[in-house]
Amino acid sequence: MRFTFIVLLAFSLFALPIRGIAAESAAPAATADSGAFPTPVAGTGIPAITTPALEARAASEREAAAILEAQQKAAALPSSFQTFVEGSTGKQLDVFGRDLFRNVPTTFAPLKAAQVNADYVIGPGDALQIRGWGMVDIDVNVTVSRNGEIYLPKVGTVNVSGVRYYELQGYLKKAVGRIYKNFELTVSIAQTRSVQIYVVGHAVRPGSYTLSAMSSVLNALFASGGPSSTGSMRNIKVKRSGAPLVTFDLYDILLHGDKSSDIALRDGDVVYIPSVGPLVALLGDVKKPAIFELKERTSFADVVSWAGGFEAVAGLQKVIVERSIDHQYQTVAELQADWGSIQKGLSLFEVRPTDIIRVIAPGSVPIKVKIERSFVRVDGEVKQSGVFLVEKGETLRALIARVGGTTDKGYVFGTKLTRASVKREQQLKIDESVDRYEKDIQTNAKQRLAGQSDPTQAATIAAELESQQRLLSKLRQVKAEGRIILNLKNAAAQISDLPDLPLEDGDVVYIPQKSTTVDVIGAVYQQNTIIYSPDRKVNDYLRLSGGVTATGDKSELYRICADGTVRSKRNSGFGGDVNPGDAIVVPEKIQRGQSFMQNLKDITSILYQFGIGAAAFKTLRN
């Protein structure tokens, strides 16, 4: 009876989300992304139980996330001047200083344990911890009242509002000293008060914010997302009742690290961000091309300085300055002298609003150094190893012959030639393939989830996606070797069989010791390293590994040869003798019709064709 009750209870709990789905499906525009199926409990595959309260909370969180996303998208939209510059020059320039406010928290909440600034002014709401000993015994935690006072037992009320933190201990000791003598006293701030401020104008998220009393104008800007695409970076105002207007210029911090105008906020302060001022664009041979906001008379030298100067000042002797006039660049000046004279010359030209300025410094552009002599490293089972100077056009075969050939243990068939330029190109192609695979699995999962109403199937799809994401992370760990496939005939290859491939500076040639084993990896009952025998064929090595498992796909079997080539049934090159150092790979079966899984198989083939060995395959399986 008890067992029957448990079964019925479990069934009823499982049925709850299904009814929730039926109700949700009646709502308009329900999609997989907006919660058309319940999220499975992690590690169980069982849908989570939903309640009206949880659903309301989830809806509220989704709404808040949607609002935040909309605000972030709005903040990322280019201004009209950015669009104008891009249309005129074909280059996307960021607004100088805008990156300061990217990827910051939506709210600013300093740590409670943060050290209090010595200049912090005590005010109503601050919690103080006071200890006194000697002729007086004081051990209290008090909060400053609205009148700015605290009450100390046996002493009375003391007004502490307006006292700076570094003065507080001496101030209290003097107040207690009017009554008691021969005592010691310490005071610390247990918790700072909060202030409510307002950020208005052209902010990304204008509104009311409650911050720590230790917050400054910069903290308020971070909390509100900073100036929007139409907001000023250089003319931010702080309005305080009964106090003169304070102007805050972000360029002071960005360019000089000067925070002198970053005043501490008080309750009721208003931070006003007006519309952006005149803008100019600077591009060319400078360290940080960008769009800059003007505040006062500004010269070309000032704007170049804001951009970090030229790419390389050393040896700079000539600068060409161009200004966009009637949609074409016209040369304003050609300055030729030492850097000091060039800077002085640039200061003579004044920048005008909406200018698009291009500076060209021929001496600052890095030119590829011509290689007069080439060096190649030779290592492994050779008569002479080391770094050798190679003549122009000298080939791999000629170099190995020149260094005396290989030792008796040398395995010419396994010769590995790696090149830095090839490594870069291979890595780029691998990254592109993995990126394409990631896009495919996400698209495939989204399409399958969109048409799925069964929570069990949805959980299965989610689990598959998680598994594919783990595989993705492993694929990203695989790095190209830059190996050039020499395409030698078989294990009997000699030095004379090496190709006449011209060597380049930085090439590395490695001739390994002759291997005596063959690896069998993948979907076999026992992955093994088996002693090589010239009489054994592929099926013999598979049999010694227990054979192909039920999940293995023997039709897609392939062999990674010691020379780096890949032989498979797909390209009709699987036949031939197995050579020492080869690896036989049995892939897992995949579900046909799933393009992303087929792409995975293509990716693994690409990895091996780029010289990724059997060790990489073992990494992917672990």
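Here the structure is a predicted model, which means the values were calculated and not measured. (Residues numbered from 1 in each chain as written. Predicted model: local features only at pLDDT ≥ 70, side-chain atom pairs only at ≥ 80, totals over all residues. Heavy atoms only, no water.)

J.: Explanation requested: the overall build of the protein in the structure shown.
T.: Looking only at helices and strands, one finds 14 helices and 25 strands in the protein. Within the protein, buried positions represent 40% of all 622 residues. The contacts in the protein between residues at least 6 apart in sequence include a share of 64% that link residues at least 24 apart. Surface exposure of the protein reaches about 34,300 Å², of which carbon and sulfur atoms provide 52%. (Helix = DSSP H or I, 4+ residues; strand = E, 2+ residues; numbered from the N terminus. Buried < 20%, exposed > 50% of the residue type's maximum accessible area, 1.4 Å probe, protein only. Contact = heavy atoms within 4.5 Å. Areas by Shrake-Rupley, 256 points an atom, 1.4 Å probe, with all protein chains shown as cover.)

J.: Help me understand the nonpolar core, please; the structure alone is not making it clear to me.
T.: Grouped burial of nonpolar side chains is what soluble globular proteins tend to show. Residues I130, I150 and F292 are the most contacted members of the largest nonpolar core, which totals 72 residues. Ignoring anything within four residues of it in the chain, the contact list for I130 reads I138, D139, V140, V142, I150, L152, L172, L185, T186 and V187. Residues V390, L396, A491 and A562 belong to the second largest nonpolar core, which totals 25 residues. (Core = buried A, V, L, I, M, F, W, Y, C linked by side-chain atoms within 4.5 Å.)

J.: I tried to follow the packing of helix α10 (residues 420–450) against helix α11 (residues 455–477) on my own but got confused; where do I start?
T.: Packed helices, taken two at a time, are described by the angle their axes make and the gap between the axes. Viewed as axis vectors pointing N to C, α10 and α11 meet at an angle of 175°, and their least axial separation amounts to 10 Å. Between α10 and α11, the angle is such that the two are roughly antiparallel. Between α10 and α11, the contacting residues are V434, D435, Y437, E438, I441, Q442, A445, R448 and L449 on the first element and A458, I461, E464, L465, Q468, Q469, L471, L472, L475 and R476 on the second. (Axes fitted to C-alpha atoms, helices over the stretch in contact; angles between N-to-C directions. Parallel < 35°, antiparallel > 145°, perpendicular 65-115°, else oblique.)

J.: What is the right way to read unusual backbone geometry from this model?
T.: In most cases, non-glycine residues show a negative phi, while peptide bonds are predominantly trans. Located in the positive-phi region is N182, a residue other than glycine, with phi close to 55°. Among the secondary structure elements, N182 is positioned in the loop between α4 (165–177) and β5 (183–191). Here the phi dihedral of D326 falls at roughly 55°; this positive angle occurs in a residue that is not glycine. When you line up the elements, D326 lands in the loop between β13 (318–325) and β14 (328–336).

J.: Looking at this structure, how should I read the sheet that holds strand β17 (residues 386–390)?
T.: Backbone hydrogen bonds hold the strands of a sheet together, and the pairing may be parallel or antiparallel. Reading across the sheet, the five strands line up as β17-β16-β20-β18-β19 and stay open at both edges, with mixed pairing between neighbours. Every other strand in the sheet has two partners, leaving β17 and β19 (483–484) as the edge strands with one partner each. Here strand β16 (residues 374–380) pairs with β17 via five bridges, running antiparallel. By the bridge assignment, V378 is partnered in β17 with G386. (Pairing = 2+ DSSP bridges.)

J.: Help me understand the pattern of salt bridges in this model?
T.: Side chains that carry opposite charge are capable of pairing whenever their charged atoms lie near each other. With the rule as written, the count across this model stands at 24 salt bridges. Note that K416 and E481 form a salt bridge whose closest N and O atoms lie 3.7 Å from each other. In this pair, K416 sits in strand β18 (residues 416–418) while E481 sits in the loop between α11 and β19, placing the two residues 65 residues apart along the sequence. Residue K416 is classed as partly exposed on the basis of its relative accessible area of 27%. Taking the relative accessible area as the measure of exposure, E481 reaches 32% and is therefore partly exposed. Two residues, D540 and R543, come together in a salt bridge whose shortest N-O distance is 3.7 Å. Remark: R543 and D540 occur in helix α12 (residues 538–544); sequence separation between them is three residues, near one turn of the helix. Taking relative accessible area as the criterion, D540 reaches 22% and is therefore assigned partly exposed. (Salt bridge = Lys/Arg side-chain N within 4 Å of Asp/Glu carboxyl O.)

Limitation: the analysis is restricted to geometry and does not speak to function.
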